[in-house]
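Fold and contact review
One-letter residues, chain by chain:
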Amino acid sequence: MSDIMGTVTMCRRAGKLQMGMDMTKDACANGVAKGVLVATDISEKSLKEVKFVCKKYNTPIYSLGISMEEVGFKLGKKIGIAAVCDKGFMKKIGSVLEEVENDTEIL
C-alpha cells in the first residue's frame, strides 16, 4: 500500500490530483478525472454523493484501503476523496487498488 501512496504522492506533485469533494466533482464533470480515490472512513453521505457523481460521468471509484488520517500523513493534507486526472497514473494506481462497486441509480 505504501508503494501506491508513493504513486499518489507523485501524481499530486505532478499537479494531476484534485483533492476534496468539490474539486473531485468538478474534475468528473469536466471529464478530466480518470478515476476517483476514496479513504476507508469517509462518511456514508460523502460516499453516496461521490458514487452519484462518478456514475453520472462514468468515472471509476477505487478504495485506497487506508483512513483519511493515513492519507493525510502521506500527502500532507487530510482528505477522504481525490480525483486522479492522468491516464498513466490512474492505470498504475487502478491496477493495485480494488474498485468500489457503484450500484447508484441515476434518475
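One structure accompanies this document, and this report is about it. Everything numeric in this text was worked out from a predicted model, so none of it was measured.

Focus: the sheet that holds strand β1 (residues 17-19)
Taking strand neighbours across the sheet as the criterion, the five strands line up as β1-β4-β2-β3-β5 in an open arrangement whose pairing is mixed. Strands at the two margins of the open sheet, each flanked by one partner only, are β1 and β5 (98-99). One ladder, built from two bridges, connects strand β3 (residues 61-63) with β5; its direction is antiparallel. Across the sheet, residue S63 finds its bridge partner in β5, namely E98. Across the sheet, helix α2 (residues 21-29) is in contact with β1, β2 (35-38) and β4 (81-84); its angle to β4 comes to roughly 30°.

Points about the environment of R12
Looking at the element boundaries, R12 is found in helix α1 (residues 2-13). Here the alpha-carbon distance between R12 and C85, two residues 73 residues apart in the chain, equals 9.8 Å. Apart from the residues within four sequence positions on either side, R12 is in contact with L17, M19, L75, G76 and K77.

Comments concerning helix α4 (residues 68-75)
Restricting attention to buried positions, one finds in α4 the residues V71, G72 and L75. For α4, the angular spread of the buried residues around the axis is 100°, confining them to a single face. Exposed side chains of α4 directed beyond 90 degrees from the buried face belong to E69 and F73. One or two residues past the end of α4 sits G76, with phi positive at roughly 80°.

Some remarks on the nonpolar core
Counting residues in hydrophobic clusters, the biggest one holds 36 residues, and the most contacted among them are L37 and I93. Filtering out sequence-adjacent residues up to four positions away, L37 remains in contact with V8, Y62, L64, G80, I81, A82, V84, M90, I93 and L97.

Concerning helix α3 (residues 44-56)
Taking 1.5 Å of rise per residue, the 13 residues of α3 would be expected to cover 18 Å, and the 18 Å separating its terminal C-alpha atoms lies within 8% of that figure. N58 lies just past α3 and shows a positive phi near 55°.

Observations regarding the pattern of salt bridges
Counting across every chain of the model gives two salt bridges. E49 is paired through a salt bridge with K25; the nearest N and O atoms lie 2.6 Å apart. Remark: K25 occurs in helix α2 and E49 occurs in helix α3; sequence separation between them is 24 residues. Overall, E49 belongs to the partly exposed group, its relative accessible area being 27%. K25 sits in the partly exposed class, given a relative accessible area of 27%. A salt bridge links E69 to K78, with the nearest nitrogen and oxygen atoms 3.8 Å apart. Judged on exposure class, the residue E69 and its partner K78 are both exposed.

Parameters at a glance
Residues take numbers from 1 onward in each chain, read along the sequence in its written order. The model is predicted, so local features are restricted to residues of pLDDT at least 70 and side-chain atom pairs to those at 80 or more, both for listing and for counting; the totals for chains, interfaces and linings are taken over all residues. Excluding hydrogens and water, the side-chain figures rest on all heavy atoms present in the structure. Note: two strands are recorded as paired if DSSP finds a minimum of 2 bridges between them. Each helix corresponds to a stretch of at least 4 residues labelled H or I by DSSP, and each strand to a stretch of at least 2 residues labelled E; elements are numbered beginning at the N terminus. In this analysis, two residues are considered to be in contact whenever any of their non-hydrogen atoms come within 4.5 Å of each other. Fitting a line to C-alpha atoms yields each axis, with helices limited to the stretch in contact; the angle taken between N-to-C directions then spans 0 to 180 degrees. Per-residue accessibility, obtained with a 1.4 Å probe over protein chains only, is compared with the maximum for each type, and a residue is labelled buried under 20%, exposed over 50%, and partly exposed between these values. Working note: the arc is built from the helix axis to C-beta atom directions. To define a nonpolar core, start from buried Ala, Val, Leu, Ile, Met, Phe, Trp, Tyr and Cys residues and group those joined through side-chain atoms within 4.5 Å. Here the expected length of a helix is defined as 1.5 Å per residue gap, with one fewer gap than residues. What makes a salt bridge here is a side-chain nitrogen of Lys or Arg within 4 Å of a carboxyl oxygen of Asp or Glu, nothing more.

These figures capture arrangement, not role.
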